[in-house]
Amino acid sequence: MAAALAATGRLRQALRGPPGWKGPCSRTRIRLRELSSSPPQPSASAVRTAFLHFFRDRHGHQLVSSASVRPRSDPGLLFVNAGMNQFKPIFLGTVDPRSELARFRRVANSQKCVRTGGRHNDLEDVGRDLSHHTFFEMLGNWAFGGEYFKEEACSMAWELLTQVYGIPQDRLWVTYFNGNPPEGLAPDYESRDIWLSLGVPSTQVLPFGPLENFWEMGETGPCGPCTEIHYDLSGGMGPPQLVELWNLVFMQYNREADGRLQPLPQRHVDTGMGLERLVAVLQNKHSTYDTDLFSPLLTAIHQGCRAPPYRGRVGMADEGRTDMAYRVVADHIRALSICMADGVYPGMSGASLVLRQILRRAVRFSSEVLQAPPGLLSSLVPIVVEMLGDAYPELRKNTAQIISLVTEEESAFLSSLERGRRVIERTLQQLGPCDLFPAEIAWSLSGNLGLPLDLVGLMLEEKSVQLDSAGLQQLAQEEAQRRSQAQQAKPAEKLEVRLDVHALGHLQKQGVPPTDDSSKYNYSLLPNGCYEFGACEAEIIRLYSLDGLAIDSASGGQRCGLLLDKTSFYAEQGGQASDRGYLIRKGQQDVLFPVIGAQSYGGFILHEVIAPETLKVGDQVQLYVDEEWRLGCMKKHTATHLLSWALRQELGPDTQQCGSHLSPERLRFDVATLVPLTSKQLEAVEEAVREAVERDEPVYMAEVALELATQVPGLRSLDEIYPDPVRVVSVGVPVASALAPTSQAALHTSVELCCGTHLLRTGAIGDLTIVGERQLSKGIIRLVAVTGEQAQQARDIGQNLAHEVEAVAARMNQGSHDVGEAQRLSKDVGRLSDTVDTAVMPQWQRRELQMVLKRLQRHANTAVRKLEMGLLLVKVVKQLCEQVPGTSVLLLSPQAPGKVLCACQVAQDAMPTFTAETWASVVCSHMGGKAWGSRVVAQGAGNTGDVEAVLNIARSFALSQL
């Protein structure tokens with residue numbers, strides 16, 4: 001037993017893998033054969049399908065498609081890294097009660113997961129062993145709200161593994177939670193007894209502590225004991241070699257901010273089993289890389305490179321790290337393809353930066369270790385699509401785009417990699433035998449050449465050189481501090497009151513209905529063009545302190561959370577900032593209670609309020625939204641829809657919105673496009689929006705069945721969960737007409753699913769100007785726009801700056817013979833360039849002026865250099881004349897190809913018949929140029945390929961005048 005426990009602990013640390021995967025499946029019932037050394041072995045596709053059909057057909061689970069690997073609403077998460085991510089709102093109790101998610105009871109799926117970057121980061125381990133992956137598929141089943149719990153979950157898992165997959169029972173071991181006395185947690189004997197009742201021998205049911213068998217979502221949040229199913233690789237030949245196969249988590253508690261555990265209002269089951277590991281077991285493979293999920297890729301890699309075939313070696317046995325390179329490339333191209341298909345592209349920050357690191361790591365191993373020619377990575381994409389495209393159709397849809405991106409990124413990085421290699425080699429030559437590789441150089445390789453730091457470390461490791469890790473950590477800390485200070489320069493106001501899972505569970509248990517916020521849509525357009533917002537009277541049903549505790553009253557300037565039975569305030573969601581305003585107690589008109597903002601928690605709208613005087617539960621209040629703020633949001637939101645429509649008109653119907661945020665000040669819109677927008681496209685988009693504004697089209701809104709709305713041809717919708725019924729916003733066309741079966745309205749005007757507040761006619765937008773543009777990552781551009789008066793002001797600023805640029809260009813064309821004046825002109829161009837770069841003005845115009853100013857700056861700098869060189873030439877002429885008094889001197893100085901400077905001085909006794917001005921003019925005219933100066937000293941410039949001939953002309957003219 002001790003040996004089994006030790007083996008379990010060691011192997012769990014080495015092989016522990018995450019659960020999860022979800023996706024479509026065929027309708028064919030599949031029964032997998034028992035494990036056997038003889039073919040046929042079940043394919044990975046059959047294993048995946050069997051899992052989904054088992055839970056759907058035998059146990060009534062609803063199959064849910066895989067969520068995108070881009071987290072929908074978790075800013076702390078770079079990638080979806082577990083099957084449970086999309087169900088977090090259920091666990092946390094924040095799910096919108098009108099959404100489909102709220103109706104889930106028992107669900108099964110297959111989820112795309114990426115574990116690299118952030119808390120779960122397997123990137124540096126990938127390739128070193130036979131088990132780690134950046135992308136994997138997680139098979140999972142869930143039971144929400146007590147639909148079923150431990151006994152059913154364990155029974156289903158045992159049935160699937162032993163009866164459907166045919167895994168011998170004596171090869172399966174299970175673990176359970178052995179309790180944690182310091183936290184008052186008793187051992188999970190219930191799970192232990194369930195396994196024993198299912199026939200698992202007591203010698204194969206092992207207890208473990210909280211590190212192994214107590215699962216937590218994070219530092220805070222839902223958590224609970226888990227029981228794990230392990231597979232014995234030894235097959236009875238020697239001590240057990242256990243690998244974790246399936247993790248069954250029983251969500252029973254919530255980890256509070258102070259570290260305490262509190263029982264959850266509702267219990268849930270959350271299970272996860274890695275497909276790759278399961279397939280390895282069912283195909284009798286000791287490595288996931290030996291399964292049919294990887295073997296086609298490894299074969300293709302060998303065919304496309306100059307390395308020997310893959311042999312599955314690790315560590316010291318893997319000479320030259322060839323097999324490690326095979327694993328890295330095969331794993332990484334899967335992750336790259338999946339992420340790009342979901343709209344995550346290589347970039348400079350966040351998930352996009354991690355993806356770029358993955359790609360560059362793959363390029364490095366492909367080119368340097370496997371000696372593959374450029375293009376190998378992109379040639380592997382179709383193989384990934386063929387293997388996974390049926391489960392994840394987005395791969396087939398975006399194949400061409402993925403290939404293009406991989407090709408482009410590979411090409412760009414290869415040149416940087418070569419330069420980085422030279423830098424490393426040169427640095428190593430200068431190091432002593434015991435010297436550490438300088439942190440500053442590694443940091444520069446990362447920042448300037450884009451070599452990920454882990455890749456730099458790996459390259460040094462291969463040369464048996466250690467990196468100055470302490471110095472590198474210090475540099476990273478300094479950089480983080482600089483970024484933090486920059487972010488704190490203009491902090492955003494955050495609401496302080498929250499409703500946690502317990503507060504929500506208490507409300508639901510008491511039968512408190514969700515907040516009726518339908519009054520947020522209660523406004524009308526008056527004949528004079530003004531908006532009238534309806535009054536809303538409500539009752540305070542709950543008060544909360546800043547720490548989330550329910551209180552009876554608040555006063556004395558205290559900030560508190562206010563829960564009302566109904567509200568007219570818009571709670572922040574869908575990218576629209578929340579309303580703010582104030583409320584008064586009914587009958588007490590002279591005391592205003594400011595409402596800072598509102599947030600939605602599972603259908604309950606929590607208002608953050610400052611209470612200058614007493615507010616208490618049961619008070620009747622009247623709500624007043626800040627009308628200017630609300631109207632500003634309405635203008636920006638309707639403008640956002642028009643901007644989205646105009647971009648699709650200009651760039652094509654497949655143009656995708658990747659996010660937006662709006663407030664009364666400005667709107668931000670992220671759009672996916674492989675090619676940057678041209679100035680003409682930006683101008684055309686603005687013009688299309690302005691035309692719609694000038695037409696003052698009506699904006700129609702109505703709630704319709706979600707199924708009907710999503711079937712409209714051309715309807716744009718984000719990857720998010722909508723309530724049912726869903727609100728449809730249509731510009732210029734009544735919603736009923738836009739949703740008609742034969743309607744093509746959504747292809748020609750803005751028709752979107754949206755819960756936001758909108759104008760009733762587009763004319764109130766006034767104007768729209770795109771004033772900013774920034775590439776967030778490869779293929780995603782962020783546009784910033786302003787409307788109304790701000791837009792007009794931006795246009796005015798743009799026109800004024802355009803006039804200034806025209807004026808400085810005119811000055812440049814006039815030319816100058818004075819160095820001081822030319823230098824002033826050059827500085828004026830530089831200052832104007834800085835103004836254009838930072839001004840709030842139309843982005844398309846900014847681009848055009850920047851191009852003009854760059855050209856003018858080059859000309860100004862050239863003019864200054866010429867004049868300075870001319871002054872130097874004049875100085876030399878004067879020195880020569882001083883050495884030989886009474887002598888007249890003319891010098892020519894060849895510059896850039898064909899350019900020639902001229903300077904001359906005429907002796908005093910040679911005038912007035914012979915002057916320097918005339919002499920220089922004759923010479924420069926012959927070169928097609930001009931001259932200037934006085935009778936004594938003059939200079940000029942021209943173009944010639946025969947300086948000697950020009951000197952002869954100068955000499956002849958001088959002799960003719962003397």
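Residues numbered from 1 in each chain as written. Predicted model: local features only at pLDDT ≥ 70, side-chain atom pairs only at ≥ 80, totals over all residues. Heavy atoms only, no water.

**What about the pattern of salt bridges?**
What counts here: Any Lys or Arg side-chain nitrogen located within 4 Å of an Asp or Glu carboxyl oxygen qualifies as a salt bridge. Numbering of helices and strands starts at the N terminus; helices are DSSP runs of H or I of at least 4 residues and strands are runs of E of at least 2. Relative accessibility decides the category of a residue: with a 1.4 Å probe and only protein chains considered, values under 20% of the type maximum give buried, values over 50% give exposed, and everything between is partly exposed.
Enumeration according to the criterion identifies 43 salt bridges in this entry. Here Glu276 ties to Arg334 by a salt bridge, and the two come within 3.0 Å at their closest N and O atoms. With Glu276 in helix H7 (residues 275–282) and Arg334 in helix H9 (residues 322–341), this residue pair connects regions lying 58 residues apart in the sequence. Accessibility expressed as a relative area gives 1% for Arg334, which makes it buried. With a shortest N-O distance of 2.3 Å, Arg690 and Glu687 are connected by a salt bridge. Here the residue Arg690 and the residue Glu687 both occupy positions in helix H19 (residues 679–694), the gap between them amounting to three residues, near one helical turn. Taking relative accessible area as the criterion, Glu687 reaches 30% and is therefore assigned partly exposed. When salt bridges that share partners are traced, they join Arg364, Glu368, Glu418, Arg421, Arg422 and Glu462 into one network.

**Description of the sheet that holds strand E23 (residues 699–704)**
Formally: Any two strands with at least two DSSP bridges between them are considered paired. A fitted line through C-alpha atoms represents every axis, and for helices the fit uses only the stretch in contact; the resulting angles, taken between N-to-C directions, go from 0 to 180 degrees.
In space, the three strands of this open sheet follow the order E23-E24-E25, with antiparallel pairing throughout. At either end of the open sheet lies a strand with only one pairing partner, and these are E23 and strand E25 (751–753). Mean inter-strand twist for the sheet, computed between neighbouring axes without regard to direction, equals 20°. Looking at chain direction, E23 and strand E24 (residues 726–731) are connected through six bridges and run antiparallel.

**Re the sheet that holds strand E29 (residues 899–905)**
Condition: Residue contacts are counted whenever heavy atoms from the two residues lie within 4.5 Å of one another.
If you trace the four strands from one edge of the open sheet to the other, you get E28-E29-E31-E30, paired in antiparallel fashion. The two strands at the open ends of the sheet, each matched to only one other strand, are strand E28 (889–894) and strand E30 (930–933). This sheet shows a mean twist of 15° between the axes of neighbouring strands, independent of strand direction. Pairing analysis gives seven bridges linking E29 to strand E31 (residues 937–943), with the strands arranged antiparallel. Paired with Lys899 across the bridge in E31 is Asn943. The sheet strands contacting helix H24 (residues 843–883) are E28, E29, E30 and E31, and the helix crosses E29 at an angle near 35°. Where helix H25 (residues 916–926) meets the sheet, its contacts fall on E28, E29, E30 and E31, and the angle it forms with E29 comes to roughly 160°.

**Side note on the packing of aromatic side chains**
What counts is decided by this rule: Two aromatic rings, drawn from Phe, Tyr or Trp (for Trp, its six-membered ring), form a pair once their centres lie within 6.5 Å of each other, and the interplanar angle then sorts them: stacked below 30 degrees, edge-to-face above 60, tilted otherwise. Whether a charge sits over a ring comes down to the Lys NZ or Arg CZ being within 6 Å of the ring centre and within 35 degrees of the ring normal.
Applying the stated criterion across every chain yields a total of 19 aromatic pairs. Look at Phe54 and Phe55: their rings are 5.0 Å apart centre to centre, the planes differ by 85°, and that puts the pair in the edge-to-face class. Pair check on accessibility: Phe54 and Phe55 agree, each one buried. An aromatic cluster is built from Phe87, Phe91, Phe104, Trp142 and Phe144, whose rings are joined through pairwise contacts. Between Arg267 and the ring centre of Phe149, over which it is positioned, the NZ or CZ distance is 4.0 Å. Its guanidinium or amino end placed over the ring of Phe365, Arg364 lies 5.3 Å from that ring's centre, counting from NZ or CZ.

**Examining a nonpolar patch on the surface**
Heads up, the condition is: Candidates for patches are residues over 30% relative accessible area with no salt bridge; among them, like charges are joined within 9 Å and nonpolar side chains (Val, Leu, Ile, Met, Phe, Trp, Tyr) within 5 Å. Computed with a 1.4 Å probe, the accessible areas rest on the Shrake-Rupley method; for each residue, only the protein chains presented here act as cover.
Together, Met869, Leu872, Val876 and Leu880 make up a nonpolar patch on the protein surface, roughly 290 Å² of accessible area in all. By the element assignment, Leu880 lies in helix H24.

**Focus: the environment of Glu496**
Relative to the helices and strands, Glu496 is located in the loop between helix H16 (469–488) and helix H17 (501–509). Judged by relative accessible area, Glu496 falls into the partly exposed class, the value being 40%. Every residue in contact with Glu496, bar those within four places of it in the chain, is listed here: Leu546, Arg559 and Glu608.

**Digging into the pairing of strand E3 (residues 135–143)**
Within E3, nine of the nine residues are buried, which leaves it mostly tucked inside the rest of the structure. Neither face of E3 is open: one carries Phe135, Glu137, Leu139, Asn141 and Ala143, the other Phe136, Met138, Gly140 and Trp142, and all of them are buried. Direction of pairing for strand E2 (residues 106–114) relative to E3: antiparallel, over a ladder of nine bridges. Bridge assignment links Ala108 to a residue of E3, and that residue is Asn141. As paired elements, E3 and strand E9 (residues 261–274) share four bridges and run antiparallel to each other. In the strand pairing of E9, Trp142 is matched with Asp270.

**Observations concerning the environment of Arg356**
Looking at the secondary structure, you find Arg356 in helix H10 (residues 350–369). When residues no more than four places from it in sequence are discounted, the contact partners of Arg356 are Pro346, Gly347, Met348 and Glu409.

**Some points on H25**
Helical geometry note: an α-helix holds 3.6 residues per turn, so side chains three or four residues apart project in the same direction. Formally: Throughout, the arc means that of the directions going from the helix axis to the C-beta atoms.
Residues of H25 that are buried include every one of Ala916, Trp919, Ala920, Val923 and Cys924, and no others. Down the axis of H25, the sector holding all buried residues measures 120°, keeping them to one side. Trailing H25 by a residue or two, Gly928 shows a phi angle of about 75°, which is positive.

**A look at the packing of helix H13 (residues 399–430) against helix H15 (residues 453–462)**
Relative placement of two packed helices is described by the angle separating their axes and the distance separating the axes. Keep this limit in mind: Here the word oblique covers every angle except those under 35 degrees (roughly parallel), over 145 (roughly antiparallel) and from 65 to 115 (roughly perpendicular). When the near helix sits turned anticlockwise from the far one by under a right angle, the crossing is termed left-handed; a clockwise turn instead gives a right-handed crossing. Note on residue classes: Ala, Val, Leu, Ile, Met, Phe, Trp, Tyr, Cys and Pro are nonpolar, Asp, Glu, Lys and Arg are charged, and everything else, Gly too, is polar.
Between H13 and H15, the shortest axis-to-axis distance is 12 Å and the interhelical angle comes to 50°. As far as their axial angle goes, H15 and H13 are oblique. Note that H13 runs across H15; the crossing there is right-handed. On the side of H13, the interface is formed by Phe413, Leu417, Ile424 and Leu428, while H15 contributes Leu455, Met459 and Leu460. For the contact of H13 with H15, the residue count by class is seven nonpolar, no polar and no charged.

**Details of unusual backbone geometry**
With the exception of glycine, most residues fall at negative phi, and the peptide bonds are largely trans. Cis geometry marks the peptide bond from Asp724 to Pro725, where omega comes out at 10°. For Pro725, the location among the structural elements is in the loop between helix H20 (706–709) and E24. Of note, the amide linkage connecting Met911 to Pro912 takes the cis form, showing an omega dihedral of 10°. Along the chain, the position of Pro912 falls in the loop between E29 and H25. With a phi angle near 55°, Arg321 is a residue other than glycine that sits in the positive phi range. Position of Arg321 among the secondary structure elements: in the loop between helix H8 (295–304) and H9.

**As for the confidence of the model for the protein chain**
Filter applied, for reference: The quantity called pLDDT is the predictor's confidence in a given residue, expressed from 0 to 100.
Across the protein chain, the average pLDDT comes to 87, with 93% of residues at or above 70. Below pLDDT 50 for its whole length, residues 1–39 participates in 131 contacts with residues either more than four positions away or in separate chains.

**Quick look at the side chain of Glu697**
Within the fold, Glu697 resides in the loop between H19 and E23. If sequence neighbours within four positions are ignored, Glu697 has contacts with Ala692, Val731, Gly732, Leu760, Arg761 and Thr762.

**Considering the state of the cysteines**
Cysteine pairs can be linked by a disulfide, which is a covalent bond between their two sulfur atoms. To keep it simple, the criterion reads: The disulfide definition used here is simple: a pair of cysteine sulfur atoms within 2.5 Å.
Under the definition given, this model contains zero disulfides. Residue Cys154 stays outside any disulfide, its sulfur separated by 11 Å from that of Cys226, the closest cysteine. Under the relative-accessibility criterion, Cys154 is labelled buried at 0%. Free cysteine: Cys754, not disulfide-bonded; nearest cysteine sulfur from Cys755 at 5.6 Å.

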